Number of protein chains: 2
Amino acid sequence: MIEMTTDALYQQILLKGSMLCVGLDTDYERLPEKIKFECRRGDMAMGGKLYSGRARAIVSFNKAIIDATAPYAVAYKPNMAFYEYLGAEGMKALEGTVAYIREKHPSMFIIADAKRGDIGNTAKMYAKTFFETMDFDAVTLSPYMGMDTVEPFLQYEGRFAIVVALSSNPSSCDFQFLTSSGKTLYRTVIETMMANSTPENMMFVVGATQASELAAIREYCPDNFLLVPGVGAQGGSAEDVIRCGKNSKGGLLINSSRGILYASSEADFAQAAAAKAAQTAVFRTS
Amino acid sequence: MIEMTTDALYQQILLKGSMLCVGLDTDYERLPEKIKFECRRGDMAMGGKLYSGRARAIVSFNKAIIDATAPYAVAYKPNMAFYEYLGAEGMKALEGTVAYIREKHPSMFIIADAKRGDIGNTAKMYAKTFFETMDFDAVTLSPYMGMDTVEPFLQYEGRFAIVVALSSNPSSCDFQFLTSSGKTLYRTVIETMMANSTPENMMFVVGATQASELAAIREYCPDNFLLVPGVGAQGGSAEDVIRCGKNSKGGLLINSSRGILYASSEADFAQAAAAKAAQTAVFRTS
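Residues numbered from 1 in each chain as written. Chains lettered and ligands numbered in written order. Predicted model: local features only at pLDDT ≥ 70, side-chain atom pairs only at ≥ 80, totals over all residues. Heavy atoms only, no water.

What follows covers the overall build of chain A. Scanning chain A for helices and strands turns up 12 helices and 12 strands. The C-alpha radius of gyration of chain A comes to 18 Å, within 12% of the 19 Å expected for a compact globule of 286 residues. Taking the principal axes of its C-alpha atoms as reference, chain A extends roughly 60 × 45 × 35 Å. When contacts within chain A are restricted to residue pairs at least 6 apart in sequence, those whose partners lie at least 24 apart make up 73%. Total accessible area on chain A stands at roughly 10,100 Å², and carbon and sulfur atoms take up 49% of it. Here chain A contributes 28 positive and 31 negative side-chain charges, whose respective centroids are spaced 4 Å apart. (Helix = DSSP H or I, 4+ residues; strand = E, 2+ residues; numbered from the N terminus. Rg over C-alpha atoms; globule rule 2.2 N^0.38 Å. Contact = heavy atoms within 4.5 Å. Areas by Shrake-Rupley, 256 points an atom, 1.4 Å probe, with all protein chains shown as cover. Lys, Arg positive; Asp, Glu negative; His and termini not counted. Charge placed at Lys NZ, Arg CZ, Asp CG, Glu CD.)

Looking now at the interface of chain A and chain B. Taken residue by residue, the interface counts 57 residues in chain A and 57 residues in chain B. Summing the contributions of chain A and of chain B, the shared interface buries around 4,900 Å²; its carbon and sulfur component is 60%. Sorting the residues of chain A by area buried against chain B places A:Tyr85, A:Tyr144 and A:Phe175 first, and these three jointly supply 19% of that buried surface. At the junction of chain A with chain B, the criterion picks out 4 salt bridges. Between A:Glu84 and B:Arg116 there is a salt bridge; the shortest N-O distance is 2.9 Å. Joining chain A to chain B, the criterion identifies 29 residue pairs in polar contact (both at pLDDT 80 or more). Among the elements of the structure, helix 4 (80-84), helix 5 (87-104), strand 5 (109-116), helix 6 (120-133), strand 7 (160-166), strand 8 (179-180) and helix 8 (185-194) of chain A are those that each provide at least two residues to the side of chain A that touches chain B. Considering each element in turn, the side of chain A that touches chain B owes the most residues, 8 residues, to helix 6 of chain A. Taken together, the residues of the side of chain A that touches chain B sort by class into 25 nonpolar, 21 polar and 11 charged. (Buried area = accessible area lost by both parts, 1.4 Å probe. Salt bridge = Lys/Arg side-chain N within 4 Å of Asp/Glu carboxyl O. Polar contact = N/O pair within 3.5 Å; in protein donor to acceptor, adjacent residues only side chain to side chain. Nonpolar A, V, L, I, M, F, W, Y, C, P; charged D, E, K, R; others polar.)

With that settled, consider the relation of the copies chain A and chain B. Note on the identical chains: chain A maps onto chain B by a rotation of 180 degrees and an axial translation of 0.0 Å, with an RMSD of 0.0 Å. The superposition operator between the copies reduces to a two-fold rotation axis. Comparing interface residues between copies, 100% of those in chain A also lie at the interface in chain B; the contact surface is shared. (Least-squares fit on C-alpha atoms with pLDDT ≥ 70 in both.)

Residue and element names in this part refer to chain A. Within the secondary structure layout, Thr69 lies in helix 3 (residues 53-69). For Thr69, a relative accessible area of 0% translates into the label buried. At a separation of 2.8 Å, a polar atom in the side chain of Thr69 contacts the side chain of Tyr76. Setting aside residues no more than four positions away along its own chain, Thr69 makes contact with Val22, Tyr76, Ile260, Ala273, Ala274 and Ala277. (Buried < 20%, exposed > 50% of the residue type's maximum accessible area, 1.4 Å probe, protein only.)

This paragraph deals with the pairing of strand 7 of chain A. All names here are of chain A. Along strand 7, 7 of the 7 residues are buried, which leaves the element largely enclosed by surrounding structure. Bridge count for strand 6 (residues 138-141) against strand 7 is 4 bridges, and the pairing is parallel. Considered in strand 7, the bridge of Ala138 is made with Phe160. Strand direction decides the pairing type here: strand 7 and strand 10 (residues 202-206), joined by 5 bridges, are parallel. Within the sheet, the bridge partner assigned to Val164 lies in strand 10 and is Val205. (Pairing = 2+ DSSP bridges.)

Residue and element names in this part refer to chain B. In space, the 8 strands of this closed barrel follow the order 1-4-5-6-7-10-11-12, with parallel pairing throughout. Within the sheet, the average angular offset between the axes of one strand and its neighbour, ignoring direction, is 30 degrees. Contacts from helix 3 (residues 53-69) reach strand 1 (20-24) and strand 4 (75-78), with the element oriented near 170 degrees to strand 1. (Axes fitted to C-alpha atoms, helices over the stretch in contact; angles between N-to-C directions.)

Attention now goes to the state of the cysteines. Residues and elements named next belong to chain B. The final tally for this structure, using the stated rule, is 0 disulfides over all chains. Cys221 supplies the cysteine sulfur nearest to Cys21, a cysteine that is in no disulfide, at a spacing of 18 Å. Cys244 takes part in no disulfide bond, and the closest cysteine sulfur, belonging to Cys221, lies 15 Å away. (Disulfide = S-S within 2.5 Å.)

Residues and elements named next belong to chain A. Looking at the secondary structure, you find Ser256 in strand 12 (residues 252-256). The exposure class assigned to Ser256 is buried, which follows from its relative accessible area of 4%. C-alpha of Ser256 to C-alpha of Leu20: the two residues are 236 residues apart in sequence and 7.4 Å apart in space. With sequence-adjacent residues up to four places away left out, Ser256 is seen in contact with Leu20, Cys21, Val22, Gly23, Val231 and Thr280.

Let us now look at the pattern of salt bridges. Scanning the entire structure with this criterion turns up 28 salt bridges over all chains. Salt-bridge contacts for A:Asp113 lead to A:Lys115; the nearest nitrogen and oxygen are separated by 2.9 Å. Given a relative accessible area of 7%, A:Lys115 falls into the buried group. Sharing partners across several salt bridges, the network here consists of A:Lys77, A:Asp113, A:Lys115 and B:Asp118.

Attention now moves to the environment of A:Arg30. Residue and element names in this part refer to chain A. Structurally, Arg30 is set in the loop between strand 1 (20-24) and helix 2 (33-38). In sequence terms Arg30 and Glu95 are 65 residues apart; their C-alpha atoms lie 20 Å from each other. Setting aside its immediate chain neighbours within four residues, Arg30 contacts Arg258 and Tyr262.

Here is the structure:
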């Protein structure tokens, strides 16, 4: 088990010249016909396991996307919803995808986009699930139920909780901007989490559609990495995000999912994904 | 597919004289030796599928618990964390458990305790996962990211979103009691959700350790069912909950998990669970 640190992550960012995290929101229905067709031919062996049917198609697609985009990315983020949707078959595809990244691209940071959040006993089970059963480096969490729902995830050396602070959807304003004692809820979330963690076990989700908020967040949260979704399909600009949000260790993982995965629906989908990845979240120190 | 309504649920509450929801937080490590031993003998056939190993053990245990407690319960609530922990094997056990309840106890209300909450596209996938792939009647959701993260779940006739308002853990006070414009966050959550839903597609989670809050909640939320965890192992009293929280349709599902599942760790575990279930969340109109 490789333990990831923010220094190691920054080294990867410098090496690749990129802050890109590729979101693996892999939807079976949207896979290229080429992939669906090949998968009707039978099982695929990988890492001592057999993959068939939809699990094979998803693993095939993810492998091609990962190999094509790896030169331009420092992280991958499978979105749990798309795997859970296929039940046990989807969980197998997820396990195969994570195992493949670990074997072929061992320096990648792998995030489970799960938005979990539950009380003590259940939170412990989720932490074991994502960090032991599944070997992710990090998992996204929802803060609504408070600090003790996050703590079990902080007990793992070299693993990260990534707490949603400010999301990129239209309804983010419903609750996250409510002000109490002069502070927005999302600021109180960040400060409460920071008081009980370190930048070596805690990151925050801050949506890219809120780039104007990033500079303000950096004033009270200078050191934690921020995972920034909402670039690409959701309309945020990676340049704005880097300008407002970077810190002395890079400090950003900028996610793009659909814009890369579905850059082409034809046989050239992997090359198209690579081309798109190469343009997204480019980071240069000079 | 049976569509559940609050009237149908109330009929079950009257019929059973109970508001009990049994939480299926089934932890393989805590199963009775008898179950673990039997499952080493080979596969078990059920509903045209084969179950082996830990999936077999969990399905066997759940079947015994469900058959023993069904006379005293109106709902079952598998806790996703305990199934996800076992990966694809756990998802198979979950699917088997839900299929068994549907077949043998078709009037039961089945809740996925998942605490999901994510943006539009992902929320739609979760709704399809829990209501189509898995056939649950309801799923628990975290409200942090706002109304649009809940909406896809409200589009299913006869299915319910159960939004966490006030949780039963010590850290529930970190954010849920923050006051903005004179209202607590959890009240704002309830009112925002109520404004965009009906009691036929929305319920709320309110922890039983907060029984004093229940009567106050009933003043602005008279009609929605409330799912109340925290009875039993977590220390809340079912009598207090019923006194403070019931409405004209019953209006409560009172959950107990560990107190029932692990009432005995011996061969009599199912009888012990039944005895415990019979004493919990008893409801009489006269």
